[in-house]
Amino acid sequence: MTKPLPEQPEFEPLTRTQLLIAMGVTAIVLLVVAKLWQHFGSVSLLPVKWKIEAFPQGLGIGFLITAASSLVYRLWPAYRQSADLYLEMVLKPLLLPDIIWLGLLPGLSEELLFRGVMLPALGLDMPGLLFTSLCFGLLHLSGIEQWPYAVWASVVGFILGYSVLTTGNLLVPIVAHVITNLVSSYLWKLDSFRNKS
């Protein structure tokens, strides 16, 4: 007679405070890595040009990514399950005003590292774009079962990287990333409120 396997302990979700601290610490770590890479790698940060057209371009790309993500969510069950798990872990404890930090902190720090420093360091070309996109996807891999979410994050990384290559302005993917995080997080929270009712 075989003994049943012991139950795996439940993953203890982070509290709101722990999540906000984790977001802040992660943003600081990514910014420090970007700064160190810039300094020791003699890499110039891609320019952030405060041009008026950067905002509608970033908004358009952000809404395009959000719409595409919604479509992928509906059509790819593995991604839907992966996204739900990831978003439940990250968004459930947060209050609606906290979503502002979820938009700003990763939107700024991740863009400065991946598109601002890593992309010019590796090459402003297709191989550099593909490699930085894959690295961006891996950043979003919280476990092997989360591979569909990481695949989609790689696609998003490619879109954001392509936007900076075509515009020459790091502000465009920053705005797009912030908008994507804000809108998709808000919609997920809204949907979870509806499902509770």
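First, a word on scope: everything that follows refers to the structure included in this document. (Residues numbered from 1 in each chain as written. Predicted model: local features only at pLDDT ≥ 70, side-chain atom pairs only at ≥ 80, totals over all residues. Heavy atoms only, no water.)

### Observations regarding the overall build of the protein
Then, number 1: When its secondary structure is counted, the protein shows 7 helices and 0 strands.
Then, number 2: When its helices and strands are written in sequence order, the protein yields α-α-α-α-α-α-α.
Then, number 3: The principal-axis extents of the C-alpha atoms in the protein amount to approximately 65 × 40 × 35 Å.
Then, number 4: By sequence separation, contacts in the protein at least 24 residues apart represent 80% of the contacts at least 6 residues apart. (Helix = DSSP H or I, 4+ residues; strand = E, 2+ residues; numbered from the N terminus. Contact = heavy atoms within 4.5 Å.)

### Things to note about helix H5 (residues 126–139)
Then, number 1: Its 14 residues give H5 an end-to-end C-alpha distance of 20 Å, which sits within 8% of 20 Å, the value for a rise of 1.5 Å per residue.
Then, number 2: Buried within H5 we find Gly128, Leu129, Thr132, Ser133, Cys135, Phe136 and Gly137.
Then, number 3: Two to three positions downstream of the cap, the backbone nitrogen of Gly128 sits 3.0 Å from a side-chain oxygen, assigning the N-cap of H5 to Asp125. (Expected span 1.5 Å × (residues − 1). Buried < 20%, exposed > 50% of the residue type's maximum accessible area, 1.4 Å probe, protein only. Polar contact = N/O pair within 3.5 Å; in protein donor to acceptor, adjacent residues only side chain to side chain.)

### Re the packing of aromatic side chains
Then, number 1: According to the stated counting rule, one finds 8 aromatic pairs in the structure shown.
Then, number 2: Centroid distance Trp50 to Phe55: 6.3 Å. Interplanar angle 35 degrees. Geometry classified as tilted.
Then, number 3: For Trp50, a relative accessible area of 68% corresponds to the exposed category.
Then, number 4: Looking at Phe55, the relative accessible area reads 33%, which means it is partly exposed. (Phe/Tyr/Trp six-rings, centres within 6.5 Å; stacked < 30°, edge-to-face > 60°.)

### Some words on the side chain of Thr132
Then, number 1: Positionally, Thr132 belongs in helix H5.
Then, number 2: We classify Thr132 as buried; its relative accessible area is 0%.
Then, number 3: Side-chain polar atoms of Thr132 contact the backbone oxygen of Gly128, separated by 3.0 Å.
Then, number 4: With sequence-adjacent residues up to four places away left out, Thr132 is seen in contact with Phe114, Met118, Leu119 and Leu122.

### As for the pattern of salt bridges
Then, number 1: Taken as a whole, this structure holds 3 salt bridges when the rule is applied.
Then, number 2: In this structure, Glu88 and Lys92 form a salt bridge, with 3.3 Å as the shortest nitrogen-oxygen distance.
Then, number 3: With relative accessibility at 36%, the residue Glu88 sits in the partly exposed group.
Then, number 4: A salt bridge links Glu111 to Arg115; the shortest N-O distance between them is 2.7 Å. Placement of the pair is Glu111 and Arg115 together in helix H4 (residues 99–122), with a separation of 4 residues, close to one helical turn.
Then, number 5: According to the relative accessible area criterion, Arg115 is buried, its value standing at 0%. (Salt bridge = Lys/Arg side-chain N within 4 Å of Asp/Glu carboxyl O.)

### Considerations on the environment of Ser42
Then, number 1: Here Ser42 is to be found in the loop between helix H1 (16–40) and helix H2 (54–75).
Then, number 2: Using a relative accessible area of 67% as the deciding quantity, one classes Ser42 as exposed.
Then, number 3: When the C-alpha atoms of Ser42 and Ala121 are compared, they prove to be 8.6 Å apart, with 79 residues separating the residues in sequence.

### Describing the side chain of His177
Then, number 1: Within the element layout of this structure, His177 appears in helix H7 (residues 171–196).
Then, number 2: Among the residues examined, His177 registers a relative accessible area of 5% and is labelled buried.
Then, number 3: Reaching out from His177, the side chain makes a polar contact with the side chain of Glu111 at a distance of 2.6 Å.
Then, number 4: Setting aside residues up to four positions removed in sequence, His177 forms contacts with Pro106, Gly107, Glu110, Glu111, Arg115, Phe136 and Leu160.

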